[in-house]
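These are the residues of each chain, in order.
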Amino acid sequence: MNPRGADDSSNGVPDASGLTRREFLRAAGGVVVLFSIGRSLEAGGGGSAPAGTVADFDAWLRIGEDGRITVFAPTPEVGQNLRTELAQLAAEELSTPLSSVGVVLGDTDRVPDDPGVCASSAISTIGLTVRQAAAEAREILAAMAAERWGVPRAEVALKDGRVVLASDPKTAIGLGELARGQRLVRRLKQPAPLKPRAEYALVGKSAPAIDGPAYVTGKAAFAADLRLPKLAYGKVLMPPCLGAKLVRAETASAATQPGVIAVVQEDDFVGVVALRPDLAERALRSIQATWEEGAHASMAALYRGLRASAKLEERLGVRGDVEASLAGARHGYSASYRTPFAAHAPIEPHAALASAQGDRIVVYAGTQRPFDHRKAVAEALGMSAGKVRVIVPAVGGAFGGKDAPDISVQAARLARAVGRPVLLSQSREEEMSWNSFRPAAVIDVRCGVTEKGEIAAWDADVFNCGSRGAEPPYTFPNQRVRVYECDSPLPQGRWRGLGGSANAFAREVHLDYVASELGEDPVGMRLRHLRSDARMKRVVRAAAERYGWEDRRPPTGLGAGFACAADAGSCAAVVADVEVERSSGQVRVRRVLVVQESGLVVNPDNLCNQIEGGVVMGLGLALQEAVRYEQGRILSRSFASYPIPTIREAPALEIVVLPAPDSPPQGGATAALCAVAPAVANAVFDAIGRRLPEVPLAPVRLRAGL
Amino acid sequence: MAETARPIVIRVNGTEHSLGAERSRSLLSVLRTELGLTGTKYGCGSGECGACTVLLDGQPVRACTTPVSHADGRSVTTIEGLEGKDGSLHPVQQAFLDVQAFQCGYCTPGMIMEAVALLRKDPNPTALTIREKMAGHLCRCGTYSRIVRAIQAAAAKMRK
């Protein structure tokens, strides 16, 4: 059964009644190319795979008998517009119109197992393999046409969705016609040659988002928008604070509330299913629950607690002798940087709809990790994973925050208990309280500078935020980065760029600090130490030039700040112009320039869109976002108590993407995002001479120093 | 009691609906669960994000904090009611599409409804006015500069 709102044509939500992968390989006609993402192509074994075998591939591409091309890939669409970019890449290699390509993402029955691709770098990992598979399909189709006409392969070419005979362009055959009656399943082995860049017609063009029409008409179906016959609505009892354990719950009165179908209690899980969401909520409120409260984490102890629980996890970029170099340095500069917990705060709260169908359970969940959800649902319900299907509909923002499978497990428990489909969607308060956060971090940096003003030693201790972006792009002769795992008082998880934003903040602010202490220009300082990183050097130079860095003369109260960062394969340099109101300490970011290099640009406008969005999110981290909590209770539970950037604060943006078409496409949004907070902090220093080692750069903190 | 038993009558996108819903229920809940109009989104439930914006007699309101009784006898337009009879997009929808003023698309219906109301009142808004009027609408993907551009583009088209 297929929910209303879920169909392939509107927004790519797969049809639950459609063929599964296994069935598809057995039954489907046409030409299918199987391939592996992120694995060596040779490793997959070569030759033709018999139809029906399902092993060792993570994605596939099919040319149907109707000539339609479908790409199946694991990473869900969460607003990064992966669907359009993959369609562009496949259509390009097959020289077929973009409209003839469909992309199915995030359906555990129809896409292969998730190789753990994260959204920010999906285009680099999946993109290349999709191109190669499409190139392989092109070769297969060309060979079939050549054989049919009795000519060598070199005499045929693909054009506008057909194979054409070069010597006589009137002789042509559609891809669908070639695929008709075929049951050809080919495993990609040696990569077929990719189309030369000079012949690109679609890649590098700003094709509009395939999902766009569904978004602007309200037809895009997010998990909470799906409707099934006899759909009921769930609500789950949540603890009063983190780590609390349920002692007992009096549910008798809830069960008799109007519209209540059932109160479900399984161990310490308590949920209500009702005919309407508001009735479920009302009934839930009438449950008298007794809790044993857990450890009462409070913010005041955050950074102290991280340090106290630190265990060395890894050492990175170790070079030379840091201790000796620090001891012998002419100048030493140390500082400790702090970044707080941040919330993903997607506008769409977590939601899942579960429906038991025979001995199977189908869960529609707004998640980035459908395979994790499948596994968790199967384990919680004591089913085999093969009996659970997770389908990802449209997702209203994720940012790394829609990983944990709790919502799917809860919906599945309720659906199984009542024997009808159940939709579970979190309230804003639940969304902000019961999901993961971006790790808070403490980063200690010590550096030693020689008499000539060279940074000879760089020693960083990174607490709790992990290693992403922790190794500097600069070449310091003596260097050591130690990454420590800590006990986090709040549940934490992925967040755009992971630790990259905290690590970039510490590094880029510290570099600015050293430059100002030495009386050196911050851009010159960066360029001098970017010895081996040519890509970063290129974006830094281009940004300084574009901005007119050397000639800048900011008036009093205004400042400009510079920072650079690499993430998800991209390099970005950011210049921020700020205005600081001395009386209030209020920082206003007036303009942000981003110069970025992301390899081959598949869709320039989409890349700009992603960068722009990353900048806005980076501004939130720079100026306002910090999750507050006391006594194990999250206090940032609404947009009023956790304000995110609004259109009012959105600065003028200039995005420059440097061409690098010979390197593979790279992730879009996060490199610039990571550089925004340090650029703003450096600009605030430029404006008022005050440097804060901590975000957010809140007025109360800045005022304290004026 | 007789008073509360009287059905609520609302005209939604031109169609009249007689509802037995409790008067205190939110308009958003009624639109989404009773009428199946899921283009209007829940984002916060307290009027802070704008995702649930609909037009009530042409005025933008937050459906999540509007009791359905408030819409009794009145006319509601949701995102589903913006397209022309021939399926053509409203100029604001078209402009959001042309400018690609979205990423995940979740806040988009609310943004578009507010922009439609704004342009009815002020056919030629400055960028500053747009920012002021749209300030109650959150886009976590951060597509704000595009939203300003889209509304300006729609305004230019509608003035023609």
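Residues numbered from 1 in each chain as written. Chains lettered and ligands numbered in written order. Predicted model: local features only at pLDDT ≥ 70, side-chain atom pairs only at ≥ 80, totals over all residues. Heavy atoms only, no water.

*Asks:* Lay out the interface of chain A and chain B with the relevant residues and their values.
*Replies:* Between chain A and chain B, the contact holds 59 residues from the first and 47 residues from the second. Carbon and sulfur atoms make up 54% of the area that chain A and chain B hide from each other, which totals about 4200 Å². The largest contributions to the chain A side of the interface with chain B come from A:V216, A:I347 and A:I647, which together make up 19% of the buried area. Summed over the shared surface of chain A and chain B, the number is 10 salt bridges. (Contact = heavy atoms within 4.5 Å. Buried area = accessible area lost by both parts, 1.4 Å probe. Salt bridge = Lys/Arg side-chain N within 4 Å of Asp/Glu carboxyl O.)

*Asks:* Can you tell me about the packing of helix α4 (residues 108-121) of chain B against helix α5 (residues 127-134) of chain B, naming the residues and giving the values?
*Replies:* All names here are of chain B. Remark: α4 packs on α5, axes separated minimally by 10 Å, with the N-to-C direction vectors making an angle of 125 degrees. Relative to α5, the element α4 lies oblique. The two elements α4 and α5 cross, and the hand of that crossing is right-handed. The residues of α5 that touch α4, namely those facing M111, E114, A115 and L118, are T129, I130, K133 and M134. For the contact of α4 with α5, the class distribution of residues is five nonpolar, one polar and two charged. (Axes fitted to C-alpha atoms, helices over the stretch in contact; angles between N-to-C directions. Helix = DSSP H or I, 4+ residues; strand = E, 2+ residues; numbered from the N terminus. Parallel < 35°, antiparallel > 145°, perpendicular 65-115°, else oblique. Left-handed = near helix turned anticlockwise from the far one by under 90°. Nonpolar A, V, L, I, M, F, W, Y, C, P; charged D, E, K, R; others polar.)

*Asks:* Can you tell me about the domain arrangement of chain B, naming the residues and giving the values?
*Replies:* Quite often, the size of an interface is put as the accessible area lost when its parts meet. Residue and element names in this part refer to chain B. Segmentation of chain B into domains returns domain 1 (8-82) and domain 2 (91-159). Relative to domain 2, the C-alpha centre of domain 1 lies at a distance of 21 Å. Facing the 17 residues of domain 1 at the interface are 14 residues of domain 2. If you sort the residues of domain 1 by the area they bury against domain 2, L55, I79 and L82 come out on top, with a joint share of 34%. Across the contact surface, domain 1 and domain 2 share one salt bridge. The salt bridge partner of R62 is E114, with a shortest N-O separation of 3.1 Å. Remark: the boundary between domain 1 and domain 2 carries six residue pairs in polar contact (both at pLDDT 80 or more). (Domains from an automatic or database assignment. Polar contact = N/O pair within 3.5 Å; in protein donor to acceptor, adjacent residues only side chain to side chain.)

*Asks:* Kindly report on the packing of aromatic side chains, identifying the contributing residues and their values.
*Replies:* What describes a pair of aromatic rings is the distance from one ring centre to the other and the angle between the planes of the rings. Residue and element names in this part refer to chain A. Following the criterion strictly, the structure yields 11 aromatic pairs over all chains and no others. Ring geometry for W549 versus F562: centroids 5.5 Å apart, planes at 75 degrees, classification edge-to-face. One end of the pair, W549, is in the loop between α16 (534-547) and β25 (558-567); the other, F562, is in strand β25, with 13 residues separating them in the sequence. Side by side, W549 and F562 carry an identical accessibility label, which is buried. Grouped by ring-pair contacts, the aromatic residues F341, F437 and Y629 constitute a single cluster. We note R413 situated over the ring of F269; from NZ or CZ to the ring centre the distance is 5.3 Å. (Phe/Tyr/Trp six-rings, centres within 6.5 Å; stacked < 30°, edge-to-face > 60°. Buried < 20%, exposed > 50% of the residue type's maximum accessible area, 1.4 Å probe, protein only. Lys NZ or Arg CZ within 6 Å of the ring centre and 35° of its normal.)

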